Amino acid sequence: MAVLSIPILVLGAMEENIDPKEYGVTQQLFKEWRSPRFGNSNPQKIESPVWEWLVRSKLCGYLSTQKMDGPSPFDEGPTWSFDRFGQTKTQLPDGRTVYIGGEHEDHYDPDFYIYNDVIVEHPNGEFDFYCYPKTDFPPSDFHTATLIGSKIVLIGSLGYPQERVEASTQLYLLDLNDFKISPINSSGKSPGWIHRHEAILDTSQTSITVTKGFIEIGLDSPLRENIDDWKLDIENWTWQRLTERKWPRWELTRKDKARNHIYDIRQALWSNEVNWEEHHQQDMARLEESMGFSVDFNLVKALYDFDFTHESLVEDEEEHNVYWIYVDGVRVRFVEERYCLNVTVEGSLGNQTLTSMREQLISSLNELEISEWTINEY
């Protein structure tokens, strides 16, 4: 059976009532251990009652700081937390669970931090914490973790913008015998700086197939969706490109390069449709302050309602910003990002249909935001 690995959101039910005193956590000890840290060796095993309490309580940085009356992250930097996005969770045959990296909060939050640690949960409920020098294992989030025998292969990462290497794919190997992490030097054509992808170990356990995800193409450009499949031979660490799909793909952005308001408009539309009046009023106030005018919700409702024949719009149940329609049996997918709208035509359509779709999208977006949009084909 093929084994699938994907980056996950590790968020259990928050247990705020776990008393930090049960773990010997005092205010002074919290201040000593509140900050994330790198290891001094590869690995450095850490014993921290504060971190153990934070793992069990699953408190975010803000709530743990409030609970312990700790220093502000604006003054002292991010607060350590196990409440993370893009952290991998690997179940071992012996019952242990291995958690790797992940990020806490968004980049604009003072508690934002990308971790490079490994946390092991034992069947008896105990935890081990391993930290690493940044030079041995950089902060990693939205990677995949594929278990192969006594090792875990880590593929990809989003990471901090200034640390991304566009032309390469981040590869590391975690040895479960001693928890040392080592870089993997690969060859061949790789997908590039990829994250949020899926990694599938084949039945013979000789290769990993990487699909989906997003690729960094430059800090001045939005992330680009990966539409191809790639294979990593784990016997000689060689990459092979399996597909080269020539699907029409467009990236629509505001001409002034400013952030668009599609997500905010949809949030306001949702709060109105569920009759969440107080929230809707707040959404509308923020929108009008940001955009400078009142939004016509009919425009966003009809954004993908083209004048040629197509099936009704479908909203992805798992991805809040993904929509699609079918045109002549071909799926056309729309991904609404903060700074762009990505369109992928997953097959072949006539030039007249494609031209009409592009023109109508540009016209609708111009009208929706009262701002000129531009389109980039790639």
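Everything discussed here concerns the structure shown above.
Conventions used here
- Residues numbered from 1 in each chain as written.
- Predicted model: local features only at pLDDT ≥ 70, side-chain atom pairs only at ≥ 80, totals over all residues.
- Heavy atoms only, no water.
- Helix = DSSP H or I, 4+ residues; strand = E, 2+ residues; numbered from the N terminus.
- Rg over C-alpha atoms; globule rule 2.2 N^0.38 Å.
- Contact = heavy atoms within 4.5 Å.
- Salt bridge = Lys/Arg side-chain N within 4 Å of Asp/Glu carboxyl O.
- Buried < 20%, exposed > 50% of the residue type's maximum accessible area, 1.4 Å probe, protein only.
- Pairing = 2+ DSSP bridges.
- 1 Å grid on protein atoms, 1.4 Å probe; cavity = no way out; pocket = protein on both sides within 12 Å on 5 of 7 lines; lining within 4 Å.
- Points joined across faces, edges and corners; volume = space filled by probe spheres on them.
- Nonpolar A, V, L, I, M, F, W, Y, C, P; charged D, E, K, R; others polar.
- Axes fitted to C-alpha atoms, helices over the stretch in contact; angles between N-to-C directions.
- Parallel < 35°, antiparallel > 145°, perpendicular 65-115°, else oblique.
- Left-handed = near helix turned anticlockwise from the far one by under 90°.
- Core = buried A, V, L, I, M, F, W, Y, C linked by side-chain atoms within 4.5 Å.

1. Description of the overall build of the protein
Scanning the protein from terminus to terminus reveals eight helices and 25 strands. Over its C-alpha trace the protein gives a radius of gyration of 23 Å, about what one expects of a compact globule, namely 21 Å for 378 residues. The dimensions of the protein, computed from C-alpha atoms along their principal axes, are 65 × 55 × 35 Å. In the protein, the share of contacts with a sequence separation of at least 24, taken over all contacts with a separation of at least 6, comes to 59%.

2. A short note on the pattern of salt bridges
If you walk through the whole model with that rule in mind, you get 22 salt bridges. A salt bridge links Arg338 to Asp264, with the nearest nitrogen and oxygen atoms 3.7 Å apart. Placement of the pair is Arg338 in the loop between β23 (330-336) and β24 (341-345) and Asp264 in helix α5 (residues 262-273), with a sequence separation of 74 residues. The class for Arg338 is partly exposed, based on a relative accessible area of 38%. For Glu346, the salt bridge goes to Arg333, with nearest N and O atoms at 2.7 Å. On the criterion of sequence distance, the pair formed by Glu346 in the loop between β24 and α8 (351-369) and Arg333 in strand β23 is long-range, its members being 13 residues apart. Judged by relative accessible area, Arg333 falls into the buried class, the value being 10%. Overlapping salt bridges, with partners in common, bring together Glu225, Arg331, Arg333 and Glu346 in one network.

3. Re the pairing of strand β9 (residues 151-155)
Two faces, one strand: in a regular strand the side chains alternate between the faces of the sheet. When you tally the buried positions in β9, you get four out of five residues, the bulk of the element. Of the strand pairs in this sheet, strand β8 (residues 144-148) and β9 are connected by five bridges, and their pairing is antiparallel. When the bridges of β9 are listed, Thr144 appears paired with Ile155. A loop of two residues connects β8 with β9, the two strands running antiparallel in sequence, and Gly149 in this loop sits at a positive phi of about 65°. As paired elements, β9 and strand β10 (residues 171-175) share five bridges and run antiparallel to each other. Bridging across to β10, Ile152 finds its partner in Leu174.

4. Observations concerning the sheet that holds strand β19 (residues 238-241)
Strand order in the open sheet made by the six strands is β1-β14-β15-β18-β19-β12, with mixed pairing throughout. Only two strands of the sheet have a single neighbouring strand rather than two, namely β1 (3-5) and β12 (187-188). One ladder, built from three bridges, connects β1 with strand β14 (residues 198-201); its direction is antiparallel. Bridge pairing in β14 places Val3 opposite Leu201.

5. Details of empty space enclosed by the protein
Applying the stated criterion across every chain yields a total of one cavity of 30 Å³ or more. Of the volumes computed, that of the largest cavity is approximately 30 Å³. In terms of lining, the largest cavity is formed by Pro36, Arg37, Trp51, Trp80, Tyr115, Asn116, Asp117 and Cys131. Per element, the largest residue contribution to the lining of the largest cavity is three residues, and it comes from strand β6 (residues 113-121). Residue composition of the lining of the largest cavity, by class: five nonpolar, one polar and two charged.

6. Focus: the packing of α5 against helix α6 (residues 277-291)
α6 packs onto α5 with a crossing angle of 155° between their chain directions and a minimal axis gap of 8 Å. Considering the angle they form, α5 stands roughly antiparallel to α6. Both α5 and α6 take part in a crossing whose hand is left-handed. Listed contacts from α6 to Asp264, Ile265, Gln267, Ala268, Ser271 and Asn272 of α5 are His279, His280, Asp283, Met284, Leu287 and Met291. Each residue belonging to the contact of α5 with α6 can be placed in one class, and the counts come to five nonpolar, five polar and two charged.

7. Topic: helix α2 (residues 49-57)
Those residues of α2 that fall on the buried side of the exposure criterion are Val50, Trp51, Trp53, Leu54, Val55 and Ser57. Looking at the buried residues of α2, the elements they touch are α1 (27-33), β3 (44-46), α3 (61-68), β6 and β7 (127-131). Of the residues one or two after α2, Lys58 is the one with positive phi, at around 60°.

8. Observations concerning the nonpolar core
In terms of nonpolar packing, the biggest core is built from 35 residues, with Leu252, Val332, Phe334 and Leu361 touching the most fellow members. Broken down by secondary-structure element, the contributors of at least two residues to this core are β20 (249-254), α5, α6, α7 (297-301), β22 (322-327), β23, β24 and α8. At six residues, the largest contribution of residues to this core is made by α8. Those residues in contact with Leu252 that lie beyond four places of it in its chain are Tyr339, Cys340, Leu341, Val343, Leu361, Ile362, Leu365, Trp373, Thr374 and Ile375. Ranked by size, the runner-up nonpolar core spans 25 residues in total, among them Trp33, Leu59, Tyr115 and Ile119.

9. Here's the deal with the pairing of β7
For β7, the buried fraction is high: five of the five residues fall into the buried class. Side chains of β7 alternate between two faces, with Phe127, Phe129 and Cys131 and Asp128 and Tyr130 buried alike. Relative to β7, β3 runs antiparallel, the two sharing three bridges. Paired with Lys45 across the bridge in β7 is Tyr130. Looking at chain direction, β6 and β7 are connected through four bridges and run antiparallel.

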